[in-house]
Amino acid sequence: MKVFFDFPNLISFIHSAGQPEYNDCMRMLLDNFELHVSFSQEEIEKMNGDDKDDFVFWISSIDNLASEIKWNDQRFNDSFNPYDLGREYLMAVYCIQSGQKEADKGTLLIAKEGEELKTLSSLFVKGNQYMDNIFDRIGKWKDLLKYSSPCTDIVIADPFIMSDNSLFSSNIIPLCRELCSKANKQKVNIVIITLKDDSKSKDDWKTIRSKIKDGVGGKFRPNVTIVEARRERKDGEQKIKEHDRTIFTNYKLFVSGDSYNYFDSNGNKITKGRWLHVHSNADTDNMKSSLRFIDDMQEIISETEKVNVDLIKSDEKCDKKSNFLRFQSSETASNI
């Protein structure tokens, strides 16, 4: 994962060394992060006073970074727009001055000066861990909010999430609402990949997508695209493999042992699963797994479009939007 620091933010982080979370965050940075700073080494030499002394002492103590510091990275000095730089920039942490207006949108992890430690700590899922089974702590989908992070995109892969119309209002709709809840000033792109359902008409899919958008609600209703993937065929014809019950967001990946139809219409937990794992993409291996998942979903989408583009359920003008996935006749979408 990449982290970007302006000098005031980095000094603020260094000065938080007395806080309980600091050592864990330092280990996280050393073991997993690629550190970008917007100033040069020469600028440090020209400085005077305690800030220079504190920085020099800090930099001398981190001789085992996972990768070398990227000095003088000034790409965000004048404006903040990571959307065209590649998917890893939408999974990065920004402790920079130019991102402050964007911070209020709740789509990326952007730390205002003094909030660097809090922002980095949010990438842990339990103590100083990057993975945890939260199944027994989810009594309703609102409980997921504690483990979610800001996001520009949500990709849900579940063969059976759309199999029972009576469970929509207690599962896929509130699930999307909670995952979007931190992005209160921006559209989120939601892509749902599920098995082909011959019982549903084009109008049925349109209604389902509208209900999800209405369920998330607010001024910035999400873009919602549903992909009907075919079951794997054994006769050698074009086929699309089934997929795991996985939810991708920019900073967290959720993996369930059962379909995400966890609750009945009365809120009773009906799943027969035993786990719901949350993985933080702050861990290098977790991020690689998350991006492999995205690559696998891209393959499913591309194969589905070859079979029948009508299996991609969307509105022409406002859907088929994703910063991580590509659709035919649709450019990669920026949230700006």
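Keep in mind the model is a prediction, meaning the values are calculated, not measured.

Colleague: Would you mind going over the confidence of the model for the protein chain with me for this structure?
Modeller: The predicted model of the protein chain has a mean per-residue pLDDT of 90, with 93% of residues at 70 or higher. Scored below 50 in pLDDT, residues 331–336 makes 19 contacts in the model with residues more than four places away or belonging to other chains.

Colleague: Help me understand the layout of surface pockets in this model?
Modeller: Picture a little ball the size of a water molecule; that probe, rolled over the atoms, points out where space is still empty. Quantified by volume, the largest pocket comes out at close to 590 Å³. In terms of lining, the largest pocket is formed by 24 residues, of which the most central are Leu109, Lys118, Ser122, Pro150 and Lys182. Every element with two or more residues in the lining of the largest pocket is listed here: strand S4 (109–110) and helix H6 (116–121). The class makeup of the residues in the lining of the largest pocket is 8 nonpolar, 7 polar and 9 charged.

Colleague: When you look at the sheet that holds strand S2 (residues 34–37) in this model, what are you seeing that I'm missing?
Modeller: What holds strands together in a sheet is hydrogen bonding between their backbones, with the strands either parallel or antiparallel. Strands sit in the order S2-S1-S3-S4 across an open sheet of 4 strands; the sheet is parallel. Of all the strands in the sheet, the pair left with one neighbour each is S2 and S4. The sheet contact formed by strand S3 (residues 93–95) and S4 spans 2 bridges and is parallel. Bridging across to S4, valine 93 finds its partner in leucine 109. Across the sheet, helix H1 (residues 7–14) touches strand S1 (2–5), S2 and S3, and the angle it forms with S1 is around 105°.

Colleague: I'm lost on the sheet that holds strand S7 (residues 189–195) in this one. Help?
Modeller: Strand order in this open sheet of 8 strands is S5-S11-S10-S9-S6-S7-S8-S12, and the pairing throughout is mixed. With partners counted over all chains shown, the strands left at the sheet margins are strand S5 (131–133) and strand S12 (312–313), one partner each. Of the pairings in the sheet, the one linking strand S9 (residues 246–249) to strand S10 (residues 252–256) comprises 3 bridges and is antiparallel in character. Paired with threonine 246 across the two strands is valine 255, which belongs to S10. Sheet strands in contact with helix H8 (residues 202–216) are S7, strand S8 (223–229) and S12, and its direction is about 140° off that of S8.

Colleague: It is not clear to me how the packing of H1 against helix H4 (residues 50–60) should be interpreted in this structure. Could you clarify?
Modeller: For any two helices packed against each other, the geometry comes down to the angle between their axes and how far apart the axes lie. Between H1 and H4, the least distance of the axes is 10 Å, while the angle of their chain directions is 70°. Between H1 and H4, the angle falls in the class roughly perpendicular. Where H1 abuts H4, its residues Phe7, Leu10, Ile11, Phe13 and Ile14 lie against Asp51, Asp54, Phe55 and Trp58. Its residues assigned to classes, the contact of H1 with H4 shows 7 nonpolar, no polar and 2 charged.

Colleague: Explain the pairing of S1 to me, please; I cannot follow it from the model alone.
Modeller: Here is the key point about a regular strand: its side chains alternate between the two faces of the sheet. Neither face of S1 is left uncovered, since the one carrying Lys2 and Phe4 and the one carrying Val3 and Phe5 both have all their residues buried. Pairing between S1 and S2: 4 bridges, direction parallel. Among the inter-strand pairings, lysine 2 is bridged to a residue of S2, identified as glutamate 34. Note: S1 against S3, 3 bridges, orientation parallel. Across the sheet, the residue bridging to phenylalanine 5 is cysteine 95, located in S3.

Colleague: It is not clear to me how the pattern of salt bridges should be interpreted in this structure. Could you clarify?
Modeller: If charged atoms from side chains of opposite charge come close, those side chains can pair. Under the counting rule described, the total for this entry stands at 14 salt bridges. Between glutamate 303 and lysine 306 there is a salt bridge whose closest N-O contact spans 3.9 Å. Here glutamate 303 and its partner lysine 306 are both found in helix H9 (residues 284–307), 3 residues apart, which amounts to about one turn of the helix. On the basis of relative accessible area, glutamate 303 is assigned to the buried category, the value being 18%.

The rules behind each value
- Residues numbered from 1 in each chain as written.
- Predicted model: local features only at pLDDT ≥ 70, side-chain atom pairs only at ≥ 80, totals over all residues.
- Heavy atoms only, no water.
- pLDDT = per-residue confidence, 0-100.
- Contact = heavy atoms within 4.5 Å.
- 1 Å grid on protein atoms, 1.4 Å probe; cavity = no way out; pocket = protein on both sides within 12 Å on 5 of 7 lines; lining within 4 Å.
- Points joined across faces, edges and corners; volume = space filled by probe spheres on them.
- Helix = DSSP H or I, 4+ residues; strand = E, 2+ residues; numbered from the N terminus.
- Nonpolar A, V, L, I, M, F, W, Y, C, P; charged D, E, K, R; others polar.
- Pairing = 2+ DSSP bridges.
- Axes fitted to C-alpha atoms, helices over the stretch in contact; angles between N-to-C directions.
- Parallel < 35°, antiparallel > 145°, perpendicular 65-115°, else oblique.
- Buried < 20%, exposed > 50% of the residue type's maximum accessible area, 1.4 Å probe, protein only.
- Salt bridge = Lys/Arg side-chain N within 4 Å of Asp/Glu carboxyl O.

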